[in-house]
Amino acid sequence: MGNIKFIKENKEIIAADGANLRFKAIENGIDIYTFIGKMTNCGGYGQCGTCIVEVVEGLDHLSPRTEVEDRKLKKKPDNYRLACQALVNGPVSVNTKPKSS
């Protein structure tokens, strides 16, 4: 089991090992999309790149970056992940909708 702390929302949720970060956020009312992302997201298939989160703590408790993430996030810091591609395997803290770099 791992807790997911959403820093900006000041909310912490419990997730079973292997839980999808995007699904757990949506299931718990956490808004991970910017305005454009709300209209253009792909529904969690890794195609749009709009569910970006910044992992502040616990990066090693997420599944490794996928090939899709490597392509979509190649100009982003290593601690940026697509929530739809990240599986939680321990406690993590994330910032939703990080500022573009």
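The name an unreviewed UniProt entry assigns to the protein is (2Fe-2S)-binding protein, from the organism Trichocoleus desertorum GB2-A4. Under the Cofactor (unreviewed entry) heading, UniProt states for the protein: "[2Fe-2S] cluster". Turning to the protein, the UniProt annotation filed under Sequence similarities (unreviewed entry) states: "Belongs to the adrenodoxin/putidaredoxin family."

Let us look at the sheet that holds strand β4 (residues 52–57). In any sheet, the strands associate via hydrogen bonds between backbone groups, in a parallel or an antiparallel arrangement. Strand order in the open sheet made by the five strands is β2-β1-β7-β4-β5, with mixed pairing throughout. Strands at the two margins of the open sheet, each flanked by one partner only, are β2 (11–15) and β5 (80–82). Averaged over all pairs of adjacent strands, the angle between strand axes in this sheet comes to 35 degrees, irrespective of strand direction. In terms of strand pairing, strand β1 (residues 2–6) meets strand β7 (residues 92–96) through three bridges, oriented parallel. The partner of F6 across the bridge, within β7, is V94.

On to unusual backbone geometry, then. With phi around 50 degrees, N10 is a residue other than glycine that occupies positive phi space. Secondary-structure assignment places N10 in the loop between β1 and β2. You will see that K97, though not glycine, has its phi angle at about 50 degrees, which is positive. Counting through the fold element by element, K97 comes out in the segment after β7.

So, on to the nonpolar core. Core analysis: the largest hydrophobic core is formed by 25 residues, its most contacted members being I4, F6, L21, I32, C51 and L82. Put simply, the parts of the chain that give this core at least two residues each are β1, β2, α1 (21–27), β4, β5 and β7. Residue contributions to this core peak at three residues, all from β4. Each residue touching I32, except ones within four places of it in the same chain, is listed here: R22, A25, T50, C51, A83, T96 and K97.

This part is about a nonpolar patch on the surface. Judged by side-chain polarity, F35, I36 and M39 come together as a nonpolar surface patch covering roughly 370 Å² of accessible area. Within the secondary structure, I36 sits in helix α2 (residues 35–40).

Rules of the game
Each chain has its residues counted from 1, running along the sequence as written. Side-chain atom pairs in this predicted model are given and counted only at pLDDT of 80 or more, local residue features only at pLDDT of at least 70, and totals for whole chains, interfaces and linings cover all residues. Excluded from the side-chain calculation are hydrogens and water; included are all heavy atoms of the structure. UniProt positions are given in the numbering used here, feature names are shortened, and annotations may be inferred rather than shown by experiment. Strand pairing is defined by DSSP finding a minimum of two bridges between the two strands. Going along the chain from the N terminus, every DSSP run of H or I of four or more residues is numbered as a helix, and every run of E of two or more is numbered as a strand. Here an axis means a line fitted to C-alpha atoms, over the contact stretch when the element is a helix, while the angle between two N-to-C directions is reported on a 0 to 180 degree scale. Buried Ala, Val, Leu, Ile, Met, Phe, Trp, Tyr and Cys residues that are joined via side-chain atoms within 4.5 Å together make up what is termed a nonpolar core. Summary of the burial criterion: residues with accessible area below 20% of their type's maximum are buried, those above 50% are exposed, and those between are partly exposed, where the area comes from a 1.4 Å probe applied to protein chains only. Throughout, a residue-residue contact means that at least one pair of heavy atoms, one from each residue, lies within 4.5 Å. Think of a patch as exposed residues, more than 30% relative accessible area, with no salt bridge, where like charges cluster within 9 Å and nonpolar side chains (Val, Leu, Ile, Met, Phe, Trp, Tyr) cluster within 5 Å. The protein chains shown are the only cover counted for residues, whose accessible areas, like all others here, come from Shrake-Rupley with a 1.4 Å probe. A pairing counts as a salt bridge when a side-chain nitrogen of Lys or Arg comes within 4 Å of a carboxyl oxygen of Asp or Glu.

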